[in-house]
Every structure is written in C-alpha cells, then in structure tokens.
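Spelled out, the chains give:
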Amino acid sequence: MLQTIEVLGIIAFALSGIAEAQRKQMDLVGIYAVAFMTAFGGGTLRDLLLDRTPLFWVEHQEYAILVLGLTLLALLFPAFTRIPARWLVLPDALGLGLFSVAGAGYAQAAGTSLFVASIMGVITGVFGGVIRDVVCNEIPYVFRNTHWYATCAFIGCWIYLLLDLFGVTSVVALPVAVGSITLLRLAALRYNFRMPVSG
Amino acid sequence: MLQTIEVLGIIAFALSGIAEAQRKQMDLVGIYAVAFMTAFGGGTLRDLLLDRTPLFWVEHQEYAILVLGLTLLALLFPAFTRIPARWLVLPDALGLGLFSVAGAGYAQAAGTSLFVASIMGVITGVFGGVIRDVVCNEIPYVFRNTHWYATCAFIGCWIYLLLDLFGVTSVVALPVAVGSITLLRLAALRYNFRMPVSG
Amino acid sequence: MLQTIEVLGIIAFALSGIAEAQRKQMDLVGIYAVAFMTAFGGGTLRDLLLDRTPLFWVEHQEYAILVLGLTLLALLFPAFTRIPARWLVLPDALGLGLFSVAGAGYAQAAGTSLFVASIMGVITGVFGGVIRDVVCNEIPYVFRNTHWYATCAFIGCWIYLLLDLFGVTSVVALPVAVGSITLLRLAALRYNFRMPVSG
C-alpha cells in the first residue's frame, strides 16, 4: 500500500521537476537530473535519516528508469512544455500528500515517536522540491510563499498518525490522509491561506 | 556531558536561524524550517558520516519540540525581531564551540583518527550555518568572511583532542575547549583576525 | 585498483575546487572547504546511498591531509592562481572518468542492479562539482551547459559494466572505461557536442 502510493508520488513529482527544468532551458541531462532529485530527494533523505537500507530507488531500478522514460517523453512531445503552470498544481498537491503520508508511515514503522514521524513526513513531502529550487538557484518555494505547503503535509501526517493510533486500518487511514493533504493544499491556493509572518 | 552541551548548542543555533529567517521575511513554517536545519544540520551530517543511529533528534523528540517552542515564542513576542544583530554573536560563538567539541568527541568515540575527528568537529560546528545560508540563497558566511570562524572550531577541537590524549578528564577538557573556541571567536571578531587570501 | 583510481581522482578534483575558490577570492579556510567538498562530495554521497561504512575519507585520514597539503601549496605559490582555466580541463576530465568508474564499481560490488550502478557512477563523478557550484551560489555547471559532462560519465560507466559482464578482467576494463570518459569529454568540448534542449 505504501509502495503504490510511492510510485504515484514519484510520477507526480518527476513531472513537476521536468516542467521546472524545461522552464530553465536545461538539456536532456539537466532535465533528468532535476526530475530525479525532485522525485527521489525526499524519500532518499528520509531513508538516510531513518537508516533504512537499501534505499528505495537502489532496490527498485524500475523507479529510476520510469523517470528516464518520463523525461524522454517530455522531450519527444514538445506540447508537454506548453502545459500551463496551473495544471501542475494538482499533481504537485497529490505528490505532496502521497509522499508525506508514506514518509510518516515509514518513520512510524521504524519506531520513531509521533512528533518525529510527523516531521519525517513533512521532510519526505517537501524536500524534493527544496532540492529542485536550490539547484535552480532560488530560495525554496516552500519557505517563501508557502500557502500552507508544509503545513498541509504536517496536518495530514497527524491525521494519519492519529487515525492509526485509534486503530483505524491503514486501508482507510492512508487514503483519508492523502486526500486531506491534497484538498487542503488546493483550498489553500484557491482561498489564499497564509501563515503568520513575524513583524 | 556531551548531551548537555548539545542542548545548549541547539538553543544557540536555533536562535541564530530564527533571526536570519525573520530578516528574510519568512513565515512561521519557513522560520521553523530554517531554525530546524541550523540547529540540527551539523549534528545530522556528523551522524550520517559516522553512521551513528538513530539520529540524535530522531531519538529525542523533545529537541524538535524545543525548536518549535522557540519559533512560536519568537513570533508571539515581536520584540525578539528587534534584537540587534550583534547580540547574536555570543550565542553563535557559544553554539560553534559547543557543537564543534561535541562533534569531535562523538567522532573520537566512534574510533576515527585524530585528524578526521577534528574535521568532523568543524563540520558539526559550521554545517548548520552553511545550510542556513545556502537555503537563504547566499554564499555561506563561513566561506566569505570567516574571521577565523572554522579556524576557531579547528583549534578548539585540537585542544580537546590533545587534552584527552594526555589523559585529562573530559569534565575539564570539554569546558576548556568550548571556552577556547568561544573566546577565540569573540577575539577574532573584536580584533579583526583574518586568514590569508591568495592573490 | 579502485583505490589508486580514487586517489588520482581526489587530486584532480581538489585542484579544480581550489582554482574555483581562488577565483571567488576565498581565504584559506574557504579554499580548503571547497576543495574538500569537491574532492570528497561525490564519494561521500555514494557511500551514504550505498550504506558503505566507514566512509572512505573517515577511514583514510591521509586523503583529507593530502587535500590540506594541496591547498597550502596553492596559497604558497601564487603562480598557481595564474594557471589558465583551460589547463584545468584535463584534470577535471580525468577526475570525472576516475570517480565515475570507481563509483560504478563500488555500487556493483554492493550488489545493485546495472542501471542503478551506472547512475551511482554518474552521481559519484558529478556530485562534487554540483556541491562546489551550489556553495559558490551558481546553477551547477553540469545542468547548464553540459557538453555531455554527465553523459560521458554515463556512457563510460556502461562500458565498464558491460566489459565486466562479459568477463573482461578489471585490470583491462577499468582503464578502458576511465580513458573512454576522459577522451569523450575532451572531444565533446573540442567539437562542441550538445544534448537536445526541449523547445
């Protein structure tokens, strides 16, 4: 179940990485590298922090090949680059939900405390995008103008962890948490939720 | 003993991260993220490099909650943001001393050679600030205008390692080394010590 | 054999890091830090991803001392800084070849699949330069204007992996693969090979 969620999240984030790299006029290798780091960055950091081995993409070479396939598809069909930026909002929100909840689940399975599991979920969800932005030489989106980006992940991880704590089966808890993050993120963008800025 | 030092270092560095993030007009989530990375970045890299598991902040959830508390305090009391930058010099110098010596001590306990232990101490002391600056899209302070920043850490780690080598108890060696780094750093700023630049 | 290759690669990359840091007017500590990260960044990430412990430079303190020696030499002999940039092309191409093939070899020895071993080789070869550029606050060279930089590493790793698969001894396969990457890279620069850019 966590694995199915992971594959969907990889596709969603790889697409967001490809779109960003194309906007920066990168070539095939640059696009693949950015897609790779966006798709695998969060999960890699999570696995390193939890000392899970082998890494998920080292164990499953089909993940890295999948991202290569998406990259080649994007280059072969230039129409892909004309996709409006707002169409990427849904896969990105979905990827955020999928990765965050998977990260919290793996952390919990590794025996961490609840608060650390929720932080690990947020790291898994947002870190791929942070690397993408650092590599593209920008202050990471998630710190600048968050519209609750990390906050959605944090809330959704707690929804999953609390449902699980009260004995709800993961077949129910996982989709509910992923859906909450995705919908909350879309609502935050639509209605312009903001976190307090110090002043 | 190493642990008490660690907690004090976390507080010192979290405060420096919060102040930097507030200067960049980040919101609650951004401030917490920067404080978190500044406070835990050096120790996390050290633990990854030494393969120590579980990570210190994964094991102690109270560390991450402590940084969250400091972040909320900073947002609730806006007076905090009006603290002049030079007041941050002392906690930062103290954090540098505390983290560097703790890092060298952990490396030594993991059985590394003396030179590698001293490098590991420097990495532990300065890496949190490097991440903070990279994330804020600047060339890390420690590389630009060091005023002996990393050098103080390097010298203090050797003081600790040599005292330990000659059989001095850590109850004496640790505070002496931490104090040396802090005072040397303050002196370097006051009297404008510089390292040679090639030219 | 992999180890001899590694030492040569460390020297080649440390020199490229020193030259870059001197161009940015860094001081002794900054130069050492950039040289250190350029020389050890790729191998460190590889060892973390493959969970190899202890890290190669933690085990061999002479590597870190070697880079310190090169840094001091560069500062003592200012003529070093007047080396024209194009003279750095050969050590860099050689370092790329040496590190990439060593990385693929270590990955294979750790039991990864062929595709993951080739990716791990590319990461080992290019990541030091990526860190160098991120720390110097630039979009990594390898993503901007690659002239087949990562592509040469990718092709050379496959040459090594396929030769090895067909039973060729590593005394032959390693030098052939390293030479292929170095020559291909020099040819790519000379004849201006480019990867396709989407558009």
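Let us look at the structure shown here.

Conventions adopted
Residues numbered from 1 in each chain as written. Chains lettered and ligands numbered in written order. Predicted model: local features only at pLDDT ≥ 70, side-chain atom pairs only at ≥ 80, totals over all residues. Heavy atoms only, no water. Contact = heavy atoms within 4.5 Å. Salt bridge = Lys/Arg side-chain N within 4 Å of Asp/Glu carboxyl O. Polar contact = N/O pair within 3.5 Å; in protein donor to acceptor, adjacent residues only side chain to side chain. Nonpolar A, V, L, I, M, F, W, Y, C, P; charged D, E, K, R; others polar. Helix = DSSP H or I, 4+ residues; strand = E, 2+ residues; numbered from the N terminus. Buried < 20%, exposed > 50% of the residue type's maximum accessible area, 1.4 Å probe, protein only. Expected span 1.5 Å × (residues − 1). Bend = angle between axes of the 7 residues up to and from the residue.

Some details on the interface of chain C and chain A
Interfaces are often sized by the amount of accessible area the parts lose when they come together.
Here is step 1 of the chain: With 23 residues of chain C in contact, the opposing surface of chain A contributes 30 residues.
Here is step 2 of the chain: Where chain C touches chain A, the interface holds zero salt bridges.
Here is step 3 of the chain: Inspection of the region where chain C meets chain A yields one residue pair in polar contact (both at pLDDT 80 or more).
Here is step 4 of the chain: Tallied by class, residues from the side of chain C that touches chain A come to 15 nonpolar, six polar and two charged.

Regarding the side chain of Arg46 of chain A
All names here are of chain A.
Here is step 1 of the chain: Residue placement: Arg46 occurs in helix α2 (residues 28–50).
Here is step 2 of the chain: With relative accessibility at 2%, the residue Arg46 sits in the buried group.
Here is step 3 of the chain: Here Asp47 takes part through its side chain, which lies 3.1 Å from a polar atom of the side chain of Arg46.
Here is step 4 of the chain: Those residues in contact with Arg46, other than ones at most four positions away along the chain, are Glu6, Arg52, Phe56, Ala102, Gly103, Tyr106, Met120 and Thr124.

Describing helix α2 (residues 28–50) of chain C
All names here are of chain C.
Here is step 1 of the chain: Here α2 spans 32 Å end to end across 23 residues, near enough to the 33 Å set by a 1.5 Å rise per residue.
Here is step 2 of the chain: The axis of α2 is deflected most strongly, by about 50°, at Phe40.
Here is step 3 of the chain: The buried count for α2 comes to 22 of 23 residues, which makes it a mostly enclosed element.
Here is step 4 of the chain: Asp51, located one to two residues past α2, shows a positive phi value of around 60°.

A look at the pattern of salt bridges
Once the charged atoms of two side chains with opposite charge are near each other, the side chains can pair.
Here is step 1 of the chain: Under the defined criterion, the tally for this structure stands at six salt bridges over all chains.
Here is step 2 of the chain: Notably, a salt bridge pairs Arg46 of chain C with Asp47 of chain C, separated by 3.0 Å at the nearest N-O pair. Here the two residues Arg46 of chain C and Asp47 of chain C agree in accessibility, since each one is buried.
Here is step 3 of the chain: In the salt-bridge network here, residues are joined through shared partners; they are Arg46, Asp47 and Arg52 of chain A.

Read these as geometric descriptors, not functional statements.
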